Structures are given as structure tokens and as C-alpha cells.
Amino acid sequence: MRRYRFGRIAALVAAAYVAAVVVSGVLALTTGNPALLREIVAGGWDPDFMPYTWWVELLMVAGGILQGWAYWQVLRGRAVGAAVVNDRPVRLLRVALYVSVACTLLYRLPIPYQWWFGLPSDLLDLAIVWLFFVLLAGALPRWLRVLGLVAGLVNAAMGTAATFVYGLGLWSAAHYVAPYQLGNVVYLLWLVPVLAGQARDARWSRGTVRMGMASAALSLLSSGGHSSVSFGGWGVDYDLVIMMALGVLGIFGTVWQARSAHDLGGPPPVPSPPQPARVAPARPWPLAAVAVALPLIPAAVNLAGGMPVWTGPRGWVDDLFHGYVSYPATVLWVVVDVLVGVGAPAVLILVAVVRRTRRLLRVTMSALIVAALAGVVSATTTEREADWQLIPDLAEQRLALYPGGVFDLNANGEVLFGLSPLWYSAALAASALVLLLLYGAPPTARLRHHVLVTALATSVALCFLPAADQSRGPVTTARDCSPPDPWETNGEPVAPEPLTGPRAFICAVRQRQALAFATTPDQVLLDHGRRLCGAYTRNDPRELARLRDTEGLSVDHLSGVLAGICPAAHAKITAEAAVRQRESEEFDAEERRKCDATPRHRPLIRPAKAIRLKEPEWPEVGLALYDEPSAEGRSTSVGPVNVAPGQVTVGTHPDFHVCVTLETYTRRPPIESKGWDHVVEVGFANRSGEMTFMDGLSGTVLPDLSLNGRKGHYRIRVHLAWFPWKGDAYGTQRLLIMAYPGPGDKTVVHRKPAKDR
């Protein structure tokens, strides 16, 4: 800290900030309210939009600690010593960088923010771009400086325009000002040449250049001007989590600006003496050829099948690039996917074998290991049928960046992929191992942290050995237990396959999530189920209590799950089903007896047709008659009848059955109100030739009321009453509906009760 001008003050500020982050993190984890923590670290994020999640809050605490370190980097100032006398452009660049850092930090203060606050910072970017162009005159070729200047000016102009567009609410012009396809590419076209110039200029340290490289990598992943749409509020939205993380990590850009200004004010870093490139000794070429040839084997097999890609659009790695990062990063991922798929790693290995420099060999082996791990993650997280495959538009968008015609669809509409990424992972990891054995540094040249990282990686790998020691076997998923959806069978419904025996048990576990065995192989799940069946059959209270305490299972409540493999559970389920069937039959018989006991209607004139339904109906939301609505009309509600243009609805009590009689006349029948609680007559325009009352929720459909399919205007008379039964207060409902041709839409009430029930 004494090496920097304001080191102690910066350390105190950083320590206070980290302490505030840790305290707010503890409060968030204990109270479940992360508002204070997120306000300090990420500048907001309403918990109603992104609900509290313990691991998200731990990420915020880690990000806050990182920000505390960054604030120390920003506030510590230049190195201690006599200030360097700089030219005017250098002094102006230092001032511009410090002011830019100050503008960035002002956004973190709890003050009202206005959109025009960003304009000074946007204009300041123009000055920074020009001053870097002047200062790097001796470090970069002129064409590269000009490229950076043009890109920087364009990026600053785009930022200024975006500030106006979003500030004035001109959302329709936002895509033209900051196209999401560009991401931060224009900004990177300026930043990368600047970093290259800083690396060649003795005034900047290697640490400053590394901070800039980290900022450039994050800028590539960031979506730039693209506005992500997310609804939040229903759990962890990973898109929002990544946006929060990128926002926190954006502090690297501020650190780079501050360090660039610090380095210009202090004495120039002491350059380390140039060291010759260390070259590994040559090895017999057949062994090196093995390392080169291994990645070509899965590539050749894949290309023989017409598949030029490595993983394709599957697994978590591809989901990360297609759903959560910028469009340019997604394009870069697809390029890497194709290059690895056609065997391009062999070229990298060949160059490393020919040059044999230690740095190039380390980079090559690291790239091979990272690619192997990405392949393992892609293979183990591949869904049989991802959500995007079910929607043609999303599938077309997901496959748009790949060569046309590469991914065909099978008869079920599923995407056909090539060779499993695990084969590529095995080949890439084997090549890295061969390079390590051939060209690895001698033990005396290995750094301690390299040994520590290697030991840690080996220990983590050994943690997975117990799971890998057991053969997985087939794993039936909940989707496998369900019949195919109509769109998978050209709209033709498919009857579900009867589930019996072991498959019934497996599907019950997968679909109901009754046991914590989401990805356990079927055979292991069956063995566990048979053990539970034994406990269920013995019904020993001590054994059942022990299972509740150790495994959290109430075996006596798993009858429906165990019925497929456990005779005792099957017998209990069968007996309970028989009791329910008997009770249902007795209930239905009682309802039929109620309707049989209701008085039959005797028409005063002969109807054209009369239907007394034998079975009682049970509508859940009443009975409705629909037709094409007319242009005019209004809704009217009288008693249980509601009339609207093209619609007549009869309200019935949803907890009771209805005994229905339908009558159609050729002329107006006499009015009958005796014995009824409600008698209401309304008009109805029949344009379709059919008049059918129905209830879509319960599936109730009554016979046609029209006069032999006659179109035209009808009058509909509704009679509704309660019929007592064995002393019940309500009993059952009686409904008589009459229909006859006649004009008029007037609603007439012929009878209504003194007070409604």
C-alpha cells in the first residue's frame, strides 16, 4: 500500500465496502431479503423481479468482494515517487481517463438519475479515442491506429445516439442505433488495437494490459445494445443472473481505465530482461503424430456421416451461447463448433509440436482440456427433446448459423445429431495427455501453483469415481412415459400404452417425482422399489418409522407408486378403487332415482318433438346456446337466464344434477308457470340451423332444439325449479326448455320466486 500515493486511504475505503457487502450478505441469507445486498453490489434488482435465491446472493457477495479489490485499484493512485513530466497529450489523457472513471462511479451513488447525465461521458469518449490515437503513434502501425480511431469514433457516436434514443423513448429507432447483431464488436475494434499498443509501450505495465484483456473478453460476452426480454418473478431466471454477473464484472473496464491513468503519472515500469523462448526437446515423430491424429478420428467418422460439427445445438454450453450472451459470441461459438468438428485442433497441435515452445504447448494443452470438458458437459446435459425443438420458429432460429441441411429431422420431428461429443472429448484429452508426457516441463521447472492446480483437478475428478463405478443402464424419463403429442403424430391422437409391472412403477416415480431419483438408472430404481415393497408388506411400525427418519419416506402413502411391483400395494389400490367405483355407482343410481321421481311434463298442445333425458346432467358452469352474434343487441340477465347477441345461458347450481326435458313446437305453446320457480322467455336468432345447449367444461351436450334444422328466429322458454328429495333442502334441479319459431327479442318473465334460493 505504501507503494502507491493514496494506497492507505484506498485500502480503508475498500475494506469498508467489503465489510458492508459481507454484513448485507449475512442479512440477506438470514432474513431472505436481498434488497440491501443487491443495491450495494449490483445497483438494484428488485427481489420481486428476481426472487431471493441463496446461491445468487452468494454470487453477489463474491462480486462485492471483487468490487472492493477493484475500488482499491482505482483509488490507490499512481506509484510513489517523483511525478513524471509528461507532454500535454499525456496529461490530457490522464485527466480524461480519471473523469471517465468518476462518471462511471457516480452511477453507483443513490441519486436520481436523468437520461442526459450520460451525455458528458459519451462526449468524453470521443476525446479519449483521439488521445489514444495520438499517444500510440510510435507503438502501432498507422493503419492499425486509423482502424482503432475510426472504430472508436463510431462507437462513441453510437453511444451518444443510443443515449438520445432511449432517453427520448424512441424505441423504434433503437435497433438502428445499436443493432444487437453487432454487440460490442465496434467497441472491441477500438479496444483491441489500444491494448496491443499498450503492450508494446513501456509506459504501461503488463497488469494494466491484463485488466484491459479481461474487459475485452467481458465486452465480447455482453449483449451491448441488445435489450434482453425477461419476465422474472417465478424463480431463478438465468438470463437475469448472467446480466447481473456481467454488470458486476464490468468493473474490470473501470480498473483498466484507472490503471492506464496511474501508469502515465508514475515512473515507467521496470522492464524485465527479455528471456529467450524455452523450447522443449524434440521427441520421436511417431509419438507426436499420435497426438496430432487423435482429434482427426472422431472428425473423420462424423464427416463420413455428413455431420461437420462437434456438439451442435445441444447441451448447456450451447444453451449458454444461444440464450445468454451476445450475438457475436454466439457466432464465434458456432465457428469453433464447426472447426473442432472438422478436426481443426489437429492443426493447433501440429503447430505446437513443430515449434515446441513452452508457452505454446501450455496454451495448446489448456485449450484441449477446456474443449474436452465442454464436450463432456454438452453430452451429459443434452435433453432428448429440448423445448426449442418443439417450436418450428425457435428451431429455425437455433439452426440458422449452422450450414444449411446439416441437421435433419426424424419421423418424430427430433433433430438428428452426429457422433457424441464424448468421443471428441476422449480424443482431445488423450492428445493433451500425450503432449504432457512428451513435452511436459521437468519437475525442477514446474511451479508450485501448477502442482497445486493439478492436484486439485485430480481430486475433483476422483470425486466422480464412485458414481462412474456403477453401470448406468437405461434411464426412463417422464417424457418417455407419456404418449406423443398431437403435433408429433400429424395431429392424430395416440392412445397411451397401458402401464403395468415394473414400467408402471418407474413411470409413477418419474412422473410424480415421488422419490428423489431423478436420473437413477431403471434397474437401481427397481431394486430400491422392491426394498420399499418389503417394508410396505411387513408393515412394521418400527421399520416404517426408521424409513421416515433416515430417508424421509412415508411408505404407507406410496401405495399408488408401488402398485406395479408390490402385490400388497396393488391389492390395496384395487380394493380402494372398487370402493370408489361402488360409491360412484350408488351415487349415480340415486341421482337417476331423483329424476325418475320428478313429475313428467304433460304438454298442453302437441309438440313437434319432446325429449326427456334418461340420465341426469351435471353442468359445471351452466348451459349455453351459441350462434353467430348479430351486429346489434345488448346483454340482459333475468333470474337464471342471461341473453347476449348470439348467446343464451341458463345458470344452474354446479353442485347438483339437473333433470332435463326439451320440447320443440311449431307454434307458441300456452304458458305454464304452476310448479316452477322460474319461467323466463327470450328471443334467439338461429343462423346455423342447429340449437344445442352445452357446457364445455363438463362436456355436457343436450339434443338439438331446432325445428327440423329450421333457421330463423325462435322464442325460447326456460322453466327451472327445485325438486325436494327425502327431506333434503334442495334435492335436485328440474329444467324444461321449450322452443318455437317466433319473432321478437323481448325478455319476458312469466314467473319468479318470492326470494331466490
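All values reported here derive from a predicted model rather than from experimental measurement. (Residues numbered from 1 in each chain as written. Predicted model: local features only at pLDDT ≥ 70, side-chain atom pairs only at ≥ 80, totals over all residues. Heavy atoms only, no water.)

Student: Quick question: what am I supposed to make of unusual backbone geometry here?
Tutor: Positive phi values are uncommon outside glycine, yet N539 reaches one of about 55°. A positive phi is found at N708, a non-glycine position, where the angle reads about 55°. The class for N708 is exposed, based on a relative accessible area of 75%. (Buried < 20%, exposed > 50% of the residue type's maximum accessible area, 1.4 Å probe, protein only.)

Student: Just to check I follow, could you spell out a negative patch on the surface for this structure?
Tutor: Where like charges cluster on the molecular surface, the negative patch consists of E583, E585, E586 and D588. Here D588 shows up in helix α26 (residues 567-597). (Patch = residues over 30% accessible without salt bridge, like charges linked within 9 Å, V, L, I, M, F, W, Y side chains within 5 Å. Areas by Shrake-Rupley, 256 points an atom, 1.4 Å probe, with all protein chains shown as cover. Salt bridge = Lys/Arg side-chain N within 4 Å of Asp/Glu carboxyl O. Lys, Arg positive; Asp, Glu negative; His and termini not counted. Charge placed at Lys NZ, Arg CZ, Asp CG, Glu CD. Helix = DSSP H or I, 4+ residues; strand = E, 2+ residues; numbered from the N terminus.)

Student: For this particular structure, what's the right way to read a nonpolar patch on the surface?
Tutor: Nonpolar side chains collect at one region of the surface, where L303, Y327, V331, L332, V335, V336, L339 and V342 lie side by side and expose about 570 Å² of accessible area between them. If you tally residues by element for the nonpolar patch, the top one is helix α15 (residues 327-341), at 6 residues. Relative to the helices and strands, L332 resides in helix α15.

Student: What am I meant to see in the sheet that holds strand β5 (residues 647-650) here?
Tutor: Picture the strands of a sheet paired through backbone hydrogen bonds; they go either parallel or antiparallel. The strand order across the open sheet formed by 6 strands is β3-β4-β5-β2-β8-β9, and the pairing between neighbours is antiparallel. Bordering the open sheet on either side are β3 (636-638) and β9 (700-701), each of which pairs with just one other strand. Pairing analysis gives 4 bridges linking strand β4 (residues 641-644) to β5, with the strands arranged antiparallel. Note that in β5 the partner of V641 across the bridge is V650. (Pairing = 2+ DSSP bridges.)

Student: What is the right way to read the packing of aromatic side chains from this model?
Tutor: Geometrically, a pair of aromatic rings is defined through the distance of the ring centres and the angle of the planes. Overall, the coordinates contain 12 aromatic pairs when judged by the stated rule. Ring geometry for W190 against W256: centres 6.3 Å apart, planes inclined by 80°, an arrangement best described as edge-to-face. Remark: W256 occurs in helix α11 (residues 251-265) and W190 occurs in helix α8 (residues 185-200); sequence separation between them is 66 residues. Three or more aromatic residues joined by ring pairs form one cluster here, namely F132, Y187, W190, W204 and W256. A cation over an aromatic ring shows up here: R734 above the ring of W676, its NZ or CZ 4.2 Å from the ring centre. (Phe/Tyr/Trp six-rings, centres within 6.5 Å; stacked < 30°, edge-to-face > 60°. Lys NZ or Arg CZ within 6 Å of the ring centre and 35° of its normal.)

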